[in-house]
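Residue-level structural notes
Below are the chains, spelled out letter by letter.
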Amino acid sequence: MLLCQFVVLLVSLLATSQAATPAKSITDLFQISVDSTVGENCARYGTDRLQQSLNDALTLCNEAIDGMNDYINSNRGSATLLEARRLINAYFRNPPVADRPTLLSNYQKVANWITSGGPVNNGQNPNKPWLFCSDSWLLRKSMSDQAFDKNGQPVTNGNGSPSLISDNPNYVAAQQKETNAQDGDQAYPYWSSVLNTYVFDVAHGPSATDGYCTAPGNKGATNHEGMFSVVTICPQSFTGVGIRSVTATPIAKSQIKRGTPPAGAQPLGAVLPEATTLFHELFHLVLGFQTTLPDDGIEEYGTSEMLQIIRVDAAQNPETYIAVATAYDYTLNAGQDSKGNRIEFFSGYATQG
């Protein structure tokens, strides 16, 4: 009896210790420029704000880990076991027992990287990743432009004439690969004078300076280019919304009808904090694309879409992990009504009772 009590106490202490481990400094984890003369710099936001997003991402991640553990172990001592079941079954599409440890592991790997750092891209890249606060680290070029080398110098042929990007078979192959990945949409070479490398992507506007962040709906992106890994947080992601700074305005569960959101219902997307963009990109950064992109290569961001995708895609859709973590954060911390009912978002909308 005493030995059992000791083991339980030890496990509890270990879990508490892990949850209490703080995030590393954002500048320890990422290469970040706060030089206002550099286009992609984060001077406008500052490292303190980025650190808060990292801290908030860790909070959400640890809470999701607790919920997943309760769900997997059917922890009847948990006050929120039923809420965790409803939430996880809804977003991860009733995952079978064999799949549940992988969902938990994905959260744990992201949390461990936030607290300890280490290789990224599923362990393939030991180099410190970059964090940019706009897409201006890339400038669109043409295949007929003169190529630059890894030192940022113009490339010439043996006779001194310019060597074009299209003269390099590796660049031609990379362009074709990205064009195919974009269902035939023309891919272009984008030059990074920060990394001295080319990234191939579709055009995001008429100007060579139009990048991924040009579209208002684009919040962030991750690139793995050789031994460079980059996270871009778009300016429109800096919303100033903190964890639970948006008050939940729930309706009764009975008002939720499948496929028909009731008037005045508050969607989960309306309460997402600023940190969720970085949190989302950390799944791509740490785990790599092989396990963080649905099989068709199309990520889902809308709540209704996430609640309808097939199970295998839900497990590989980063925004699903972010949705579950944010929803569970409200369940844990947003209080209870007079009957003990907590805030839930398993339906995609704030409910209580």
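See the structure shown above.
Residues numbered from 1 in each chain as written. Predicted model: local features only at pLDDT ≥ 70, side-chain atom pairs only at ≥ 80, totals over all residues. Heavy atoms only, no water.

Digging into helix α7 (residues 275-287)
In this model, α7 (13 residues) spans 18 Å end to end at C-alpha, consistent with the 18 Å of a helix rising 1.5 Å per residue. Across the 13 residues of α7, 13 count as buried, placing the element largely inside the fold. (Helix = DSSP H or I, 4+ residues; strand = E, 2+ residues; numbered from the N terminus. Expected span 1.5 Å × (residues − 1). Buried < 20%, exposed > 50% of the residue type's maximum accessible area, 1.4 Å probe, protein only.)

Focus: the side chain of E299
With respect to the secondary-structure elements, E299 resides in the loop between α7 and α8 (303-306). This buried residue, E299, is left without a salt bridge; K219 holds the nearest opposite charge, at 13 Å. Engagement of the side chain of E299 in a polar contact is seen with the side chain of H280, the distance being 3.0 Å. A polar contact is formed between the side chain of E299 and the side chain of H284, at a distance of 3.1 Å. Setting aside residues no more than four positions away along its own chain, E299 makes contact with H280, H284, L293, P294, N317 and P318. (Lys, Arg positive; Asp, Glu negative; His and termini not counted. Salt bridge = Lys/Arg side-chain N within 4 Å of Asp/Glu carboxyl O. Polar contact = N/O pair within 3.5 Å; in protein donor to acceptor, adjacent residues only side chain to side chain. Contact = heavy atoms within 4.5 Å.)

Regarding the pairing of strand β4 (residues 187-192)
The buried count for β4 comes to five of six residues, which makes it a mostly enclosed element. Across two bridges, strand β3 (residues 139-140) lies against β4 in antiparallel orientation. Each bridged residue has a counterpart across the sheet, and for R140 the counterpart in β4 is Y190. Strand direction decides the pairing type here: β4 and strand β5 (residues 197-202), joined by six bridges, are antiparallel. Opposite A187, over in β5, you have V202 as the bridge partner. Taking the residues between adjacent antiparallel strands as the criterion, β4 and β5 are bridged by four residues, where N196 takes a positive phi near 55°. (Pairing = 2+ DSSP bridges.)

Notes on the pairing of strand β7 (residues 228-233)
Buried residues dominate β7, accounting for five of its six residues. Here strand β2 (residues 130-132) runs beside β7; their pairing, made up of three bridges, is parallel. Residue pairing in the sheet places F132 in a bridge with T232 of β7. The turn joining strand β6 (residues 220-225) and β7, which pair antiparallel and follow one another in sequence, is formed by two residues; a positive phi near 60° is taken by G226.

Concerning the environment of I310
Within the secondary structure, I310 is located in the loop between α8 and α9 (311-314). A relative accessible area of 54% means that I310 is categorised as exposed. When the C-alpha positions of I310 and P294 are compared, they lie 9.5 Å apart, and in sequence the two are 16 residues distant.

Some thoughts on the environment of T21
Topologically, T21 is positioned in the loop between α1 (2-20) and α2 (26-29). T21 gets classed as partly exposed once you look at its relative accessible area, which sits at 31%. For the pair T21 and T115, spaced 94 residues apart in sequence, the C-alpha separation works out to 6.6 Å. Apart from the residues lying within four places of it in its own chain, the contact partners of T21 are L58 and T115.

So, the sheet that holds β6
In any sheet, the strands associate via hydrogen bonds between backbone groups, in a parallel or an antiparallel arrangement. Pairing within the open sheet is mixed, and its four strands lie in the order β1-β2-β7-β6. Each having just a single partner strand, β1 (31-32) and β6 make up the two edges of the open sheet. Of the pairings in the sheet, the one linking β6 to β7 comprises six bridges and is antiparallel in character. Among the inter-strand pairings, T222 is bridged to a residue of β7, identified as V231. Set on the sheet, α7 makes contact with β6 and β7; between it and β6 the angle comes to about 20°. (Axes fitted to C-alpha atoms, helices over the stretch in contact; angles between N-to-C directions.)

Overview of the sheet that holds β5
With respect to topology, three strands assemble into an open sheet ordered β3-β4-β5, the strand pairing being antiparallel. Of all strands in the sheet, those bounded by a partner on one side alone are β3 and β5.

Considerations on the nonpolar core
Residues F30, Y91, Y107, F279 and L282 are the most contacted members of the largest nonpolar core, which totals 62 residues. For this core, the secondary structure elements donating two or more residues are α2, α3 (46-73), α4 (81-91), α5 (100-116), β7, α7 and α10 (318-333). No other element matches α3, which puts ten residues into this core. The residues touching F30, leaving out its near neighbours within four places in the chain, are W113, K128, P129, W130, L131, V231, L282 and L285. Among the nonpolar cores identified, the runner-up in size contains eight residues, and W137, L138, Y190 and L195 belong to it. (Core = buried A, V, L, I, M, F, W, Y, C linked by side-chain atoms within 4.5 Å.)

Focus on helix α6 (residues 169-181)
When the terminal C-alpha atoms of α6 are compared, their 18 Å separation across 13 residues agrees well with the 18 Å that a helix rising 1.5 Å per residue should span. If you check which residues of α6 are buried, you get Q175, E178 and T179. One face of α6 carries all of its buried residues, which in axial projection span an arc of 105°. Turned more than 90 degrees away from the buried face of α6, the exposed residues are P169, N170, K177 and A181. Here the buried face of α6 lies against β4 and β5. Within two residues after α6, D183 carries a phi angle of roughly 55°, on the positive side. (Arc of directions from axis to C-beta.)

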